[in-house]
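Here's the letter readout for the chains.
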Amino acid sequence: MTININNLGVNNTLSSNNRASESGRNQPTESASAAPSSTTSDSVAISQQALNITELEARISDTPAVDTARVDSIRQAIEDGSYSIDADNIADRLLDSDALY
């Protein structure tokens, strides 16, 4: 089987296909079982990096999306009135995050 990649080998492919079809006209048709039997085997090797990615994906899927303990502690601090907001810190972080883009 010939694969055409970016029109490389187009002339060779076409001429060999034409020769094969012309020679087939002069000979009786052969059954599918008479095809040449060549034993080929394919193999796949997975890199260590791919295995690491698979492991990390499994760990991420096991991690909850929300840290409920942290949410509960912040909720409790808000209800108690002990949760403090540092506006300067928030402004600095907003400016820093804007500088990244």
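Residues numbered from 1 in each chain as written. Predicted model: local features only at pLDDT ≥ 70, side-chain atom pairs only at ≥ 80, totals over all residues. Heavy atoms only, no water.

What follows concerns the overall build of the protein chain. For the protein chain, the count of helices and strands is four helices and zero strands. The order of α-helices and β-strands along the protein chain, N terminus first, is α-α-α-α. As presented, the protein chain carries roughly 9,900 Å² of accessible surface, and 52% of it is formed by carbon and sulfur atoms. (Helix = DSSP H or I, 4+ residues; strand = E, 2+ residues; numbered from the N terminus. Areas by Shrake-Rupley, 256 points an atom, 1.4 Å probe, with all protein chains shown as cover.)

On to the pattern of salt bridges. Where side chains of opposite charge bring their charged atoms close, a pairing between them can arise. Inspection of the entire model under this criterion finds one salt bridge. With its nearest N and O atoms 3.4 Å apart, the salt bridge here joins D72 to R75. Of this pair, D72 and R75 both sit in helix α3 (residues 68–80), separated by three residues, roughly a single helical turn. On the accessibility criterion, D72 (44% relative accessible area) is partly exposed. On the accessibility criterion, R75 (47% relative accessible area) is partly exposed. (Salt bridge = Lys/Arg side-chain N within 4 Å of Asp/Glu carboxyl O. Buried < 20%, exposed > 50% of the residue type's maximum accessible area, 1.4 Å probe, protein only.)

Residues spaced three or four apart along an α-helix face the same direction, because each turn holds 3.6 residues. Taking 1.5 Å per residue as the helical rise, helix α4 (residues 87–99) with its 13 residues ought to reach 18 Å, and the 18 Å between its terminal C-alpha atoms agrees with that figure. Of all the 13 residues making up α4, zero are buried; the element is thus mostly uncovered. (Expected span 1.5 Å × (residues − 1).)

In the predicted model, the protein chain carries a mean pLDDT of 77, and the fraction of residues at 70 or more is 61%. Mean pLDDT across the elements of the protein chain ranges from a minimum in helix α1 (residues 10–26), with 51, to a maximum in α3, with 95. (pLDDT = per-residue confidence, 0-100.)

Attention now moves to a negative patch on the surface. There is a patch of like negative charges on the surface, built from D86, D88, D92 and D96. With respect to the helices and strands, the residue D88 is situated in helix α4. (Patch = residues over 30% accessible without salt bridge, like charges linked within 9 Å, V, L, I, M, F, W, Y side chains within 5 Å. Lys, Arg positive; Asp, Glu negative; His and termini not counted. Charge placed at Lys NZ, Arg CZ, Asp CG, Glu CD.)

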